[in-house]
Every structure is written in C-alpha cells, then in structure tokens.
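Take a look at the letters that make up each chain.
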Amino acid sequence: SEDCMKDFYRNNSWYWIRKDVLKRDNYTCRICKKRLKKRFLDVDHIIPIRMGIDPVDKNNLRTLCKDCHKAKTRLDEEAIGEIQSIEEKQEKIVK
C-alpha cells in the first residue's frame, strides 16, 4: 500500500541501503552513465516492489539519475497497467 511504501522510505535502514548502492555504483546513473552528486540520484528497484520483490535486495537496486528514474518508472507503470488489463480480460473469459 502507499502507506507501507512511505514507511519503508522513512525507515532508517533504507538510508544505509541507499548510501551503499550509490557508493557501489560510483554515484553514476546505470542508464545514461552520468556521474552526479547524490542529491541528483535515486536508487531504483529494477523489478518494482509491487511485483512482490524483496525491497532491500541490493541485487535488485541500481543508481539512476532523476530523469532516467522518471522515464523508467513511467515504463514500469505502463507495463503493469497492461498486465492488469490482460488479467482483467482473462477473468471475464473464465467467468
């Protein structure tokens, strides 16, 4: 839920995980390869949390600049929307 996500990002452990991932990736966006200060970077869940993945698995985390993160999130939302639409159509067929 949205409340769970807010709690997750406020959690002190996310601060340390984020710091580790930024350092691991050398403060460089893994898509466009720009090296930036940490305030201009996000830590992205490669497989979205909504898909049931462990939110603190560093193998599923990468550094992205704000622009690349926005674009990637938009693509994720479109893909998830398409999956949900297909599932709804399948449910109607089964009924």
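Structure: see above.
Residues numbered from 1 in each chain as written. Predicted model: local features only at pLDDT ≥ 70, side-chain atom pairs only at ≥ 80, totals over all residues. Heavy atoms only, no water.

How do you make sense of helix α2 (residues 12–24) when you look at a structure like this?
Residues lying three or four places apart along an α-helix face the same way, a consequence of the helix completing one turn every 3.6 residues. With 13 residues, α2 extends 19 Å between its outermost C-alpha atoms, agreeing within 8% with the 18 Å of an ideal straight helix rising 1.5 Å per residue. Among all positions in α2, only W14, I17, V21 and L22 are buried. The buried residues of α2 all sit within an arc of 130° when viewed along its axis, so they share a single face. Residues of α2 that are exposed and point over 90 degrees away from its buried face: N12 and K23. (Helix = DSSP H or I, 4+ residues; strand = E, 2+ residues; numbered from the N terminus. Expected span 1.5 Å × (residues − 1). Buried < 20%, exposed > 50% of the residue type's maximum accessible area, 1.4 Å probe, protein only. Arc of directions from axis to C-beta.)

Which parts of the structure should I look at to understand the side chain of H45?
With respect to the helices and strands, the residue H45 is situated in strand β1 (residues 41–45). The class of H45 is buried, set by a relative accessible area of 7%. In terms of polar contacts, H45 uses its side chain to reach the backbone carbonyl oxygen of P55, at 2.9 Å. (Polar contact = N/O pair within 3.5 Å; in protein donor to acceptor, adjacent residues only side chain to side chain.)

Quick question: what am I supposed to make of the side chain of N60 here?
Checked against the element boundaries, N60 lands in the loop between β1 and β2 (61–65). N60 sits in the buried class, given a relative accessible area of 5%. Excluding its chain neighbours within four sequence positions, the residues that come into contact with N60 are D44, H45, I46, I47 and I53. (Contact = heavy atoms within 4.5 Å.)

Could you clarify how one ought to interpret the packing of aromatic side chains in this entry?
The description of an aromatic ring pair rests on the distance of the ring centres and on the angle between the ring planes. Scanning the entire structure with this criterion turns up one aromatic pair. Judged by centre distance (4.8 Å) and plane angle (90°), the rings of Y15 and W16 are edge-to-face. Since its relative accessible area comes to 44%, Y15 is described here as partly exposed. (Phe/Tyr/Trp six-rings, centres within 6.5 Å; stacked < 30°, edge-to-face > 60°.)

Mind showing me how you'd approach the nonpolar core here?
Inside soluble globular proteins, nonpolar side chains tend to come together where they are buried. The biggest cluster of nonpolar side chains holds 11 residues, and these are W14, I17, V21, L22, C29, L41, V43, L61, L64, C65 and C68. Broken down by secondary-structure element, the contributors of at least two residues to this core are α2, β1 and β2. Excluding its chain neighbours within four sequence positions, the residues that come into contact with V43 are W14, R18, V21, L22, L61 and R62. (Core = buried A, V, L, I, M, F, W, Y, C linked by side-chain atoms within 4.5 Å.)

What exactly am I supposed to notice about the pattern of salt bridges here?
Side chains that differ in sign of charge can pair as their charged atoms come close. On inspection of all chains with the given rule, the structure shows seven salt bridges. Between K58 and D20 there is a salt bridge, with its nearest N and O atoms 2.7 Å apart. Of the two residues, K58 sits in the loop between β1 and β2 while D20 sits in helix α2, which places them 38 residues apart along the sequence. What makes D20 partly exposed here is its relative accessible area of 36%. A salt bridge links D42 to K66; its shortest N-O distance comes to 2.7 Å. Of the two residues, D42 sits in strand β1 while K66 sits in helix α3 (residues 66–94), which places them 24 residues apart along the sequence. What makes D42 buried here is its relative accessible area of 16%. (Salt bridge = Lys/Arg side-chain N within 4 Å of Asp/Glu carboxyl O.)

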